[in-house]
Amino acid sequence: MSAQELNCEIALIFDGNPIREHKMVLAGARIRRLVFGFHSYFYPLCDFGYHLDQKYHFFLFYNQIEIALHRNLIWMPVDIKITPSWKGKLETEFAKPYFETLIDFVKQEYKTQTVYPPGKEIFKAFDSCAFEDVKVVIIGQDPYHGVGQANGLCFSVHEGIRNPPSMVNIFKEIHADLGKPIPASGDLSRWARQGVLLLNATLTVRASSPGSHQNKGWETFTDAVIRHISEEKKNVVFMLWGAYAQKKGEVIDRDKHHVLMSPHPSPFSADRGFFGNKHFSKTNAYLKSKGLEEIDW
């Protein structure tokens, strides 16, 4: 490879603290963002340049960059706007190549297509329910793909939007189970604030195209979310409605957590066992038995 010299800005780490972060472009190809630590193998890779305006400039050679890549220097993770309690748990996922590919895909979709939910609500499930507050997890599949429906919480819709059939059936079961009146609003933010993580397996979808963002990386990411909860918390109730959610929940440690399973609340399956499952009273009974505050469904 060419030994042409290139002046680049890169991020340095001192004792684990990044000083500055820069994107690096080389020969027209995006090399993404590299983090160099001051380890013994670092010194042969570059010649020091000048310290100017608090930016560290180095002269890197193409072949030396290749060496750096093969020595597993760390990529800077994608900067995801998500509540700190979850960011600390998931930052290793954000740094993985699949996640950067996923985010590139999602960004392009938002630029060229109509995509739901609104970008600021993609991670609303996490922003509305901190990791330390999670008591219940409900797993959905895709966000709603109709205009104005999806709000980043599974099964939930924005205020003022007509409740979809699955949401109607959920409220019917709560009424039958607990005697609570059926609410007019299908915005489940009130559940999230009490410690219910309303997690879709896929966090985005193209308008009028159900499943359009499946198998792009979201499922890998949300699998990691479930593993973190299963491994690092205890006494969490998981509601798994339908075969898809039940398959996704196979990683849950049943010795540490309470898993409730039934058919999906969709009109196509609710009569086959969702109605009458009493998951909401069972959840509260379990939480109460562990000294945890019950959910006001």
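These numbers come from a predicted model, not from an experiment.

When you look at the overall build of the protein chain in this model, what are you seeing that I'm missing?
Per the secondary structure count, the protein chain includes nine helices and 15 strands. The 297 residues of the protein chain split such that 48% are buried. In the protein chain, once contacts between residues fewer than 6 apart in sequence are set aside, the share between residues at least 24 apart is 63%. Working note: accessible area of the protein chain is about 15000 Å², and carbon and sulfur atoms make up 52% of it.

Looking at this structure, how should I read the packing of aromatic side chains?
We describe a pair of aromatic rings using the distance from one ring centre to the other and the angle between the two ring planes. Enumeration over the complete set of coordinates arrives at 19 aromatic pairs. Between F94 and F221 the ring centres are 5.9 Å apart and the planes differ by 25°, which places this aromatic pair in the stacked class. Of the two residues, F94 sits in helix 2 (residues 84-94) while F221 sits in helix 7 (residues 218-232), which places them 127 residues apart along the sequence. Take F94 and F221: they sit in the same class, and that class is buried. Considering the side-chain rings of W191 and F280, the 6.2 Å spacing of their centres and the 55° angle between planes classify their relative orientation as tilted. Of this pair, W191 sits in helix 6 (residues 189-192) while F280 sits in helix 9 (residues 279-289), and the two are 89 residues apart along the sequence.

It is not clear to me how unusual backbone geometry should be interpreted in this structure. Could you clarify?
The omega torsion across Y116 and P117 is -5°, close enough to zero to call that bond cis. As for its placement among the helices and strands, P117 is situated in the loop between strand 10 (115-116) and helix 4 (124-127). The phi angle at S208 is positive, at roughly 60°, despite the residue not being glycine. Locating S208 in the fold gives a position in the loop between strand 13 (205-206) and helix 7.

Teacher, can you tell me more about the packing of helix 5 (residues 165-178) against helix 9 here?
Packed helices, taken two at a time, are described by the angle between their axes plus the distance between the axes. At their nearest, the axes of helix 5 and helix 9 sit 8 Å apart, and the two run at 60° to each other. The orientation of helix 5 with respect to helix 9, classified from their angle, is oblique. Every residue of helix 9 that contacts helix 5 at I170, E173, I174, D177 and L178 is listed here: H279, F280 and S281. For the contact of helix 5 with helix 9, the per-class residue count stands at four nonpolar, two polar and two charged.

Help me understand the environment of A130, please; the structure alone is not making it clear to me.
Along the chain, the position of A130 falls in the loop between helix 4 and strand 11 (136-140). Look at A130 and you get buried, because its relative accessible area is 16%. On a C-alpha basis, the gap between A130 and T83 in space is 7.2 Å, while along the polypeptide they are 47 residues apart. Residues in contact with A130, not counting those within four places in the same chain, are S85 and W86.

Just to check I follow, could you spell out helix 3 (residues 97-112) for this structure?
Across its 16 residues, helix 3 extends 23 Å between first and last C-alpha, which sits within 8% of the 22 Å expected from 1.5 Å per residue. Along helix 3, the residues that are buried comprise F99, E100, L102, I103, V106 and E109.

What exactly am I supposed to notice about the pairing of strand 11 here?
On a regular strand, each side chain points to the face opposite its neighbour's, so the side chains alternate between the two faces of the sheet. For strand 11, a buried count of five out of five residues is recorded, marking the element as mostly surrounded by other parts of the structure. Residues V136, I138 and G140 line one face of strand 11 and the alternating positions V137 and I139 line the opposite face, and both faces are buried. Pairing of strand 11 with strand 14 (residues 237-241) involves three bridges; the strand directions are parallel. Within strand 14, the residue paired with V137 across the bridge is F238.

In this structure, what is going on with the nonpolar core? I would like to understand it.
Inside soluble globular proteins, nonpolar side chains tend to come together where they are buried. By size, the foremost hydrophobic cluster in this structure holds 61 residues, and its most contacted members are F126, W191 and L197. Setting aside residues no more than four positions away along its own chain, W191 makes contact with I138, I170, F171, I174, V196, L198, F280, D296 and W297.

Definitions and cut-offs
- Residues numbered from 1 in each chain as written.
- Predicted model: local features only at pLDDT ≥ 70, side-chain atom pairs only at ≥ 80, totals over all residues.
- Heavy atoms only, no water.
- Helix = DSSP H or I, 4+ residues; strand = E, 2+ residues; numbered from the N terminus.
- Buried < 20%, exposed > 50% of the residue type's maximum accessible area, 1.4 Å probe, protein only.
- Contact = heavy atoms within 4.5 Å.
- Areas by Shrake-Rupley, 256 points an atom, 1.4 Å probe, with all protein chains shown as cover.
- Phe/Tyr/Trp six-rings, centres within 6.5 Å; stacked < 30°, edge-to-face > 60°.
- Axes fitted to C-alpha atoms, helices over the stretch in contact; angles between N-to-C directions.
- Parallel < 35°, antiparallel > 145°, perpendicular 65-115°, else oblique.
- Nonpolar A, V, L, I, M, F, W, Y, C, P; charged D, E, K, R; others polar.
- Expected span 1.5 Å × (residues − 1).
- Pairing = 2+ DSSP bridges.
- Core = buried A, V, L, I, M, F, W, Y, C linked by side-chain atoms within 4.5 Å.

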